[in-house]
Amino acid sequence: MSSACHAHPADRPPPVEQQPEAGHDLDAIYRTHRISLFHFLRRKAGSEEAPDLVQEVFARAAGSTQRHQLINPGGFLRRIAQNLLIDRARRQTSARATFFPLREDSDGATPAAQEWNLEAADLLRLYEAAVDAMPPKTRRVFLMHRVDELSYREIHELLGISIATVEYHMMKALGQISKVVDGGR
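Visitor: Would you take a moment to explain the overall build of the chain for this structure?
Guide: Counting its regular elements, the chain contains 7 helices and 0 strands. Listing each helix as α and each strand as β along the chain from the N terminus yields α-α-α-α-α-α-α. A total of 185 residues make up the chain; the buried ones form 23% of that total. For the chain, the proportion of contacts with a sequence separation of at least 24, taken over those separated by at least 6, is 63%.

Visitor: Please explain the pattern of salt bridges as it appears in this structure.
Guide: In this structure the tally under the stated criterion is 3 salt bridges. Measuring nitrogen to oxygen at the nearest pair gives 3.3 Å for the salt bridge that ties Glu 56 to Arg 60. Taken together, the residues Glu 56 and Arg 60, both in helix H2 (residues 50–63) and 4 residues apart, mark about one turn of the helix. The exposure class assigned to Glu 56 is partly exposed, which follows from its relative accessible area of 34%. Across the pair Asp 87 and Arg 60 runs a salt bridge whose closest N-O atoms are separated by 3.6 Å. One end of the pair, Asp 87, is in helix H3 (residues 73–96); the other, Arg 60, is in helix H2, with 27 residues separating them in the sequence. On the accessibility criterion, Asp 87 (25% relative accessible area) is partly exposed. In this structure, a network of salt bridges that share partners links the residues Glu 56, Arg 60 and Asp 87.

Visitor: Mind showing me how you'd approach a positive patch on the surface here?
Guide: Judged by side-chain charge, Arg 42, Arg 43, Lys 44 and Arg 78 come together as a positively charged surface patch. The dominant element in the positive patch, judged by the number of residues it contributes, is helix H1 (residues 22–45), at 3 residues. Within the secondary structure, Arg 78 sits in helix H3.

Visitor: Is there a simple way to think about the nonpolar core in this case?
Guide: A general trend in soluble globular proteins is that nonpolar side chains are found buried together. Among the nonpolar cores identified, the biggest contains 19 residues, and Leu 37, Leu 41, Val 57, Phe 58 and Leu 77 are the most heavily contacted of them. Going through the elements one at a time, H1, H2 and H3 are the ones with two or more residues in this core. Excluding its chain neighbours within four sequence positions, the residues that come into contact with Leu 37 are Val 54, Val 57, Phe 58, Leu 77, Arg 78 and Ala 81. Formed by 15 residues, the second largest nonpolar core is a distinct cluster that contains Val 131, Leu 150, Ile 155 and Ala 173.

Visitor: Mind showing me how you'd approach the environment of Arg 79 here?
Guide: With respect to the helices, strands and loops of the structure, Arg 79 is situated in helix H3. For Arg 79, a relative accessible area of 43% puts it in the partly exposed group. Taking the C-alpha atoms as reference points, Arg 79 and Val 57, 22 residues apart in sequence, are found 9.3 Å from one another. Here Gln 82 takes part through its side chain, which lies 3.2 Å from a polar atom of the side chain of Arg 79.

Visitor: I keep staring at H2 and nothing clicks. Help me out?
Guide: Within an α-helix, residues lying three or four positions from one another point in the same direction, as the helix has 3.6 residues per turn. Along its 14 residues, H2 runs 20 Å from first to last C-alpha, staying within 8% of the 20 Å computed at 1.5 Å per residue. Inspection of H2 places Ala 50, Leu 53, Val 54, Val 57, Phe 58 and Ala 61 among the buried residues, and these make up the whole buried set. With its buried residues spanning 135 degrees around the axis, H2 presents them on a single face. Turned more than 90 degrees away from the buried face of H2 sit Asp 52 and Gly 63, all of them exposed.

Visitor: What is the right way to read the environment of Thr 165 from this model?
Guide: In this structure, Thr 165 sits in helix H7 (residues 163–184). In this structure the C-alpha to C-alpha distance between Thr 165 and Thr 138, which are 27 residues apart in sequence, comes to 9.8 Å. A distance of 2.8 Å separates the side chain of Thr 165 from the side chain of Ser 162, its partner in a polar contact.

Visitor: It is not clear to me how the confidence of the model for the chain should be interpreted in this structure. Could you clarify?
Guide: Detail in the predicted coordinates should be disregarded across regions flagged by low pLDDT. Looking at the chain, the pLDDT average stands at 80 and 77% of residues meet or exceed 70. Mean pLDDT across the elements of the chain ranges from a minimum in H1, with 81, to a maximum in helix H6 (residues 152–159), with 95. A low-confidence stretch, residues 7–23 stays under pLDDT 50, and its non-local contacts, those more than four residues away or across chains, total 11 contacts.

Each value, and the rule that gives it
Residues numbered from 1 in each chain as written. Predicted model: local features only at pLDDT ≥ 70, side-chain atom pairs only at ≥ 80, totals over all residues. Heavy atoms only, no water. Helix = DSSP H or I, 4+ residues; strand = E, 2+ residues; numbered from the N terminus. Buried < 20%, exposed > 50% of the residue type's maximum accessible area, 1.4 Å probe, protein only. Contact = heavy atoms within 4.5 Å. Salt bridge = Lys/Arg side-chain N within 4 Å of Asp/Glu carboxyl O. Patch = residues over 30% accessible without salt bridge, like charges linked within 9 Å, V, L, I, M, F, W, Y side chains within 5 Å. Areas by Shrake-Rupley, 256 points an atom, 1.4 Å probe, with all protein chains shown as cover. Lys, Arg positive; Asp, Glu negative; His and termini not counted. Charge placed at Lys NZ, Arg CZ, Asp CG, Glu CD. Core = buried A, V, L, I, M, F, W, Y, C linked by side-chain atoms within 4.5 Å. Polar contact = N/O pair within 3.5 Å; in protein donor to acceptor, adjacent residues only side chain to side chain. Expected span 1.5 Å × (residues − 1). Arc of directions from axis to C-beta. pLDDT = per-residue confidence, 0-100.

Spelled out as structure tokens, the structure:
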């Protein structure tokens, strides 16, 4: 407690029957200090908020049990005003920051789906270009195995070529795809 704003314990307020009416004291304090308080708050908070803040200062002063013991009412009101400004700044700061809990199972950093779609489209274009550029027999063996899902033995039986030849065409096709796809990235 600051001695500038409050009376010392030895300076007790007069008994209730001798105290002036609380409203009367506050009215006198209001008339004396409201203009200087308004100017102070206008400098700190702006002219639009100052009148509301002045009212809030006096509302808090009216609710204070210390208002009957004041030696320096202007200092007491200014302290209330400073506390209001501090509270206001804290509210504005906390209102700007919104925190959401991190759900590690689903909130991890991932590339945007649009980026993935573009990469997939590029890979598909390169893959199709590589398949189209293959010699006809190599392309046919490759498509029979990868698209029709035929085994090497089934391809050997259908085309009448050896399994070693099927393996040769598959290795040739995969090498060409790898070369085109890796070169295009």
